[in-house]
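# Fold and contact review
Listed below are the residues making up each chain.
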Amino acid sequence: MDRRKFLGLGGAALLQPSGVEAVAQTNRSSAAAPAQHRTAQARPNILMVMADQLRVDCVGAYGNKAIRTPNLDRIAREGIRFQNAYTSTPSCTPARTALMTGLSPWGHGMLGYSNMTTRPYPVEKASALAKAGYYTTAVGKNHYYPITNPHGYHHMVTDEHCSYWFHKRTGNQMQSYEPRCDYESWFWSQRPDADPHATGLGWNDQPAKPFVYPEELHATHWTGTTAERFLQQYDREEPFFLKVSFIRPHSPYDPPKRLFDSYLHADLPKARVGAWAGKYAPLSSDQDDRWHGKLSDEEIHRSRAGYYASVTFVDEQVGRLLAVLEERGMLDDTMIVFFSDHGDMLGDQNLWRKAYAYEQSAHIPLLLRPARMQQLGSSGQTFEQPVEIRDLLPTFLDAAGAEVPSSMEGKSLLQLVRGKGQGWRQWIDLEHNITYDATNHWNALTDGKWKYIFHAYNGDEQLFDLTSDPEEATDLSKDLKYASEFEIWRQRMVEHLSVRGPLWVKDGKLMVREKGQLLGPNFPGYAAEKEIAGWI
């Protein structure tokens, strides 16, 4: 794929177009554009900012008084906060597939963590917005496979930390299996003698350490700078759709030292563990990328200090983007959406990483600051209805004035706001195929007030009252006082899964599934014979 490289700090723009359609060649100055945006627009620009692995309770606007996120809090204060936003399949690639398609897990066919498709879906985010007249650009992490697959973007500038995945070191020799991502190429242009991962932490490790280089070399800063320069220099006639996707606070927890130290000596929330979670206290591994295990308060605090500092570093970059939009007079012409693909357990319930049904893994922040022209009412609104990542593409199409295909399972958040919640869904479905261990394999439903979980490996069930017990400390599934509520949710799950056939529901009962199914029949390229092979 020919890509227009926009490499941020010191990088140059190569003027060869790519993506779903030819783009007229345009010479651009490396200097910032004039302070004022040129003309009023009939449709808003769309700035979509996402963080990787950011849990809902680590944003100040959601009630955490220990974390510093003033710029995200500003978006919430001047816009709309969705209190019960979830990610249906809480790991990177299935969450991003929902973002790309506007579909549920069964609808897009990725039921757990797998490589994203190399084949296109009938409707995909970037190409649909390009068709609607937007210039589409992605900066940061996409997690596409291969990483050069544009999935309809006119322009991609990537940070995939690909040397974690696609390069193998043998002695002093580095074998490459994929092209370097743009961040790492840029890093080596600045420090050709250095290793961008010299902090020594692995991609899913629990310990935290400060970044070993000047913070200007950090991937988070690079993503912020690259996106900032896009906004400074944007001068096309069409409105833009800009995806800014930070690869943090996903581990490694390696923030700048100034931020790490500020949280290391702060009073941070301690890990919360329900009585039912004692089974996860033993260490699953002696490696740092363990998925469960009770650690000391000191170890957990250090991990959280690194994570909190990583969140604040992302927030600082968001502030840079807001500033340049204000400087150019574009802020009120731009709809801004901020969210994450999933959360991070950080030792809660003795669990680490993601891919669980529990709140710290599946409940995400979702903020929307509308453009003035959208006239969505007063600032600081909060909505309690359950929303999900599949709702973002319909929201973008709605903002663009484009038709939302009837095949799309998500719903426009703009309609939720305009209708004050009337006619919205009652609950949202969650699930994840086997991850880490055969026992971690589940389906769940929630409305933000109650949560029902069916553990497919052995048929265990859980019920949580999220209103009175947001930390999910008490499992009510066997409490007779809640038997009727429990049965309501179980029957909802039966109805929800029945469409999948007798391996999921038989004779009106949920079926134990010791083996998993990674892909469903709606995954592009899925063949009938894979229905058996896919059960692993």
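Not measured: the values here are computed from a predicted model. (Residues numbered from 1 in each chain as written. Predicted model: local features only at pLDDT ≥ 70, side-chain atom pairs only at ≥ 80, totals over all residues. Heavy atoms only, no water.)

## Overview of the packing of aromatic side chains
The line we're drawing: A pair of Phe, Tyr and Trp rings is counted when the ring centres sit within 6.5 Å of each other, with Trp represented by its six-membered ring. The angle between the planes then sorts it: under 30 degrees is stacked, over 60 is edge-to-face, the rest tilted. Only protein chains enter the accessibility calculation, which uses a 1.4 Å probe; a residue is then buried when its area is under 20% of its type maximum, exposed when over 50%, and partly exposed in between. Think of it this way: any DSSP run of H or I at least four residues long counts as a helix, any run of E at least two long counts as a strand, and we number them from the N terminus. Only Lys NZ and Arg CZ are tested; either one counts as a charge over a ring when it is within 6 Å of the ring centre and within 35 degrees of the ring normal.
The full count for this structure, using the stated rule, is 23 aromatic pairs. Ring geometry for Phe 211 against Tyr 213: centres 5.6 Å apart, planes inclined by 75°, an arrangement best described as edge-to-face. Residue Phe 211 is classed as buried on the basis of its relative accessible area of 8%. Ring centres of Trp 291 and Tyr 356 lie 6.4 Å apart, and the angle between their planes is 20°; on these two criteria the pair is classed as stacked. Of this pair, Trp 291 sits in the loop between helix 8 (257-264) and helix 9 (297-327) while Tyr 356 sits in the loop between strand 8 (334-340) and helix 10 (359-362); the two residues are 65 residues apart in sequence, bridging distant segments of the chain. Just as Trp 291 is buried, Tyr 356 falls in that class too. Lying over the aromatic face of Tyr 62, Arg 81 brings its terminal NZ or CZ to 5.6 Å of the ring centre.

## Quick notes on the sheet that holds strand 14 (residues 450-455)
Where we set the bar: Strand pairing is defined by DSSP finding a minimum of two bridges between the two strands. Inter-axis angles, ranging from 0 to 180 degrees, are taken between N-to-C directions of lines fitted to C-alpha atoms, where helices are fitted over the stretch in contact.
Here four strands make up an open sheet; going across it, the order is 12-13-14-15 and the pairing antiparallel. Taken across any chain shown, the strands that pair with only one partner, and hence form the sheet edges, are strand 12 (428-432) and strand 15 (461-465). Across the sheet, the axes of successive neighbouring strands diverge by a mean angle of 15°, strand direction being ignored. Judged from the five bridges that link them, strand 12 and strand 13 (residues 442-446) form a sheet pairing that is antiparallel. Counterpart to Glu 431 in the pairing with strand 13 is Asn 443.

## Section: the pattern of salt bridges
Operational definition: Each reported salt bridge corresponds to a side-chain nitrogen of Lys or Arg within 4 Å of a carboxyl oxygen of Asp or Glu.
Inspection of every chain in the model, using the stated rule, returns 30 salt bridges. When the shortest N-O distance is used, the salt bridge between Glu 228 and Arg 320 registers 2.8 Å. Here Glu 228, found in helix 7 (residues 219-233), pairs with Arg 320, found in helix 9; they are 92 residues apart in sequence, far enough to count as distant. Its relative accessible area of 17% is what places Glu 228 among the buried residues. Note that Asp 391 is salt-bridged to Arg 425, the shortest N-O span being 2.8 Å. One end of the pair, Asp 391, is in the loop between strand 11 (381-388) and helix 11 (392-399); the other, Arg 425, is in the loop between helix 12 (413-418) and strand 12, and 34 residues separate them in sequence. This pair shows no difference in class: Asp 391 is buried, exactly as Arg 425 is.

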